[in-house]
Structures are given as C-alpha cells and as structure tokens.
Amino acid sequence: MVAQQEELGDLKLYRVPEPVTVSAKGMKQIAFLQRDSVKADVIYHGDCTPDDTTGDSVQLEMRVEADNEEKNGLGVPMPMGGITVFEPTGEGTLLLGEDSLRDYAKGEEVAFSLGESGQIRMQCAVSKSKADNKGETSQMLAVFTNANRDAVKVRLDLGGAGEWTVVRGAKVRVKDGRQIYEFAVPGGGQVERKWTVRARN
C-alpha cells in the first residue's frame, strides 16, 4: 500500500488510498515512496589532513548520493524516515546497510551512509613539513587499496577551506565549506596520491 501525495499550500499530505484501522498500541506499515531504477553514486569517503594522520590503514566510509530530480528517477519531496539498502547476489540478497534520512526537498542532493567498508582502505601520512614566514607547510601522502573487482570513486576531505590551502598536487573543489579531492581507484589495485597544504594563519 502506497500513500498518495497531496499538497496543501507548503504542506505535503499523504493520503492512504483505502480505509485502515489501527488498534491501540498497534502499527500499520504504509509506503510513502516507491521508485525503481533510481540513479545514484556510490562514493568512498575519507579525511586526510595533517591533523588526521596516524599512518594506520583505515577503512573508508561508503556513501550513496543522488540528486532528487526526475531525470534520476526521483524528483519528489522525501519525508524523514529510515532506509535499508540490499544488493542482489548469486547467493541471495545481501544487506549492505541501514541509515536514517532527514526531509529532502525536490532538487536537493540526497545522501546517506552505509558504514565503513573493509574493501577500500587508506593510509594517510605527512611525509615532510616545515614552517616559514608564510606559515606551516605539510607534504601529504595517502595510499589507497581497493579489494573489489571494479574501480571505485574516492572522495577525500582535505580540510576546511578556512583551515588549509592546497598549494600543489591536488585539484580540489569546495563542497559545504570543505576542500574535496575526488579520483578513481582501480579494481584490485592501489593508488598513491601526494599534495601539499599550508595552514591558514
């Protein structure tokens, strides 16, 4: 049973298509949204700044992101609620993860986490640092390994735009005030990335 969306000014109402009764302390499961073939990106996220370095191998966070637009199979207001993601395999259906979603308006980017993945790992370290009259400069080194068969997209957070300046080695963009560096890691492969940052005074 899927509730039908209606609008009352700025409010979104969801009408149940048939009469229902709910007993005291009972529950009724009703779907608010049903969409097939939604286009989304799976991204592996990690942080690597001079403050984050441990030299240890860490797992990256597996995230799912999609633009809430009709061309991607969505394009409707999405009410707050839980989400469960499954993957069909030759051995049956595999649970990938669960998360909760806030409200999303049409046109917004929908994003949620599936937890850390043991298949994609990173080592982040400062290979060299120095301080001069321009501030402290750090040469960063990160190594990524991918145990999956297919290539994956990695999104690396290089720090807040007000904290660090990337002076060479990484083509970054700013997303929600963070400096983002994105690249692919081939299946069964390893990738090394180097860049230099300077602390903002």
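Within each chain, residues carry numbers counting from 1 in the order of the written sequence. For a predicted model such as this one, the threshold for reporting local features is a pLDDT of at least 70, and the threshold for listing and counting side-chain atom pairs is 80 or more; totals across whole chains, interfaces and linings nevertheless cover every residue. The basis for every side-chain value is the complete set of heavy atoms in the structure, and neither hydrogens nor water enter the calculation.

A.B. asks: For this particular structure, what's the right way to read the overall build of the protein chain?
C.D. replies: Only runs of H or I of at least four residues qualify as helices and only runs of E of at least two qualify as strands under DSSP, and these elements are numbered from the N terminus. Secondary structure assignment for the protein chain yields zero helices and 13 strands. Values of the radius of gyration come from C-alpha atoms, whereas the globule rule sets the reference at 2.2 Å times the count of residues to the power 0.38. Relative to the compact-globule value of 17 Å for 201 residues, the protein chain shows a C-alpha radius of gyration of 22 Å, a clear excess of over 25%. Overall size of the protein chain, expressed as C-alpha extent along the three principal axes, is 70 × 45 × 35 Å. Across the protein chain, every contact between residues at least 6 apart in sequence was considered, and the portion connecting residues at least 24 apart equals 61%. Per element, the accessible surface of the protein chain, about 12800 Å² overall, is 46% carbon and sulfur. Each charge class in the protein chain can be summarised by its mean position, and for the 26 positive and 31 negative side chains these summaries are 6 Å apart. Two residues qualify as a contact provided that any one of their heavy atoms is within 4.5 Å of a heavy atom in the partner residue. A 1.4 Å probe and the Shrake-Rupley method give the accessible areas. Residues count as covered only by the protein chains that appear here. For the purpose of counting charges, residues Lys and Arg are taken to be positive, whereas Asp and Glu are taken to be negative. His and the chain ends are not included. To locate a charge, take atom NZ for lysine, CZ for arginine, CG for aspartate or CD for glutamate.

A.B. asks: Could you clarify how one ought to interpret the environment of Ser-117 in this entry?
C.D. replies: Note on placement: Ser-117 falls in strand β7 (residues 109-132). Partly exposed describes any residue whose relative accessible area lies between the buried limit of under 20% and the exposed limit of over 50%, with all areas from a 1.4 Å probe on protein chains only and scaled to the type maximum. A relative accessible area of 9% means that Ser-117 is categorised as buried. Spatially, the C-alpha atom of Ser-117 lies 5.8 Å from that of Leu-60, the residues being 57 residues apart in sequence. Residue contacts for Ser-117: discarding those within four places in its chain leaves Tyr-44, Gln-59, Leu-60 and Met-62. Of the polar contacts made by the side chain of Ser-117, one reaches the backbone nitrogen of Gln-119; its length is 3.2 Å. Distance and chemistry together define a polar contact, namely a pair of N or O atoms within 3.5 Å, with one atom able to donate a hydrogen and the other to accept it when in protein, and with adjacent residues in sequence counting only for side-chain atoms on both sides.

A.B. asks: Is there a simple way to think about the packing of aromatic side chains in this case?
C.D. replies: Any pair of aromatic rings gets described here by the distance separating the centres and the angle formed by the planes. What counts as a ring pair is set by centres within 6.5 Å for rings of Phe, Tyr and Trp (its six-membered ring), and what kind of pair is set by the plane angle: stacked under 30 degrees, edge-to-face over 60, tilted for all other angles. In this structure the tally under the stated criterion is three aromatic pairs. Ring geometry for Tyr-181 versus Trp-195: centroids 6.3 Å apart, planes at 70°, classification edge-to-face. Residue Tyr-181 is located in strand β12 (residues 178-185), and its partner Trp-195 is located in strand β13 (residues 190-199); the two are separated by 14 residues in the primary sequence. Of the two residues examined, Tyr-181 and Trp-195, each falls in the buried class. In textbook terms, an aromatic cluster arises when at least three aromatic residues are bridged by ring pairs, as seen for Phe-144, Tyr-181, Phe-183 and Trp-195. Whether a charge sits over a ring comes down to the Lys NZ or Arg CZ being within 6 Å of the ring centre and within 35 degrees of the ring normal. Here the basic side chain of Arg-193 rests over the ring of Phe-183, its NZ or CZ set 4.6 Å away from the ring centre.

A.B. asks: Which parts of the structure should I look at to understand the layout of surface pockets?
C.D. replies: Vacant regions in the atomic arrangement are exposed by a probe of water-molecule size rolled over the atoms. Residues are said to line a cavity or pocket when one of their atoms sits within 4 Å of a point; the points come from a 1 Å grid over protein atoms alone, cavities being sets where a 1.4 Å probe fits but cannot get out and pockets being open sets with protein on both sides within 12 Å along at least five of seven lines. Grid points are joined across faces, edges and corners, and a volume is the space filled by probe spheres set on the points. Each pocket or cavity is described by its volume, and for the largest pocket that value is around 690 Å³. Taken together, 23 residues line the largest pocket, and the ones lying closest to its centre are Leu-33, Met-78, Ile-83, Leu-101 and Phe-112. Elements represented by at least two residues in the lining of the largest pocket include exactly β4 (57-67), β5 (81-89) and β7. The biggest single contributor to the lining of the largest pocket is β5, with six residues. Under the scheme applied here, ten amino acids are nonpolar (Ala, Val, Leu, Ile, Met, Phe, Trp, Tyr, Cys and Pro), four are charged (Asp, Glu, Lys and Arg), and all others, including Gly, are polar. Looking at side-chain class alone, the lining of the largest pocket contains 16 nonpolar, five polar and two charged residues. Of the voids in this model, the second largest pocket is the one considered here, and its volume is about 290 Å³. Every residue lining the second largest pocket is counted, 15 residues in all, and those nearest its centre are Val-42, Tyr-44, Met-62, Glu-87 and Leu-96. For the lining of the second largest pocket, the secondary-structure elements that each account for two or more residues are β3 (41-47), β4, β5 and β7.

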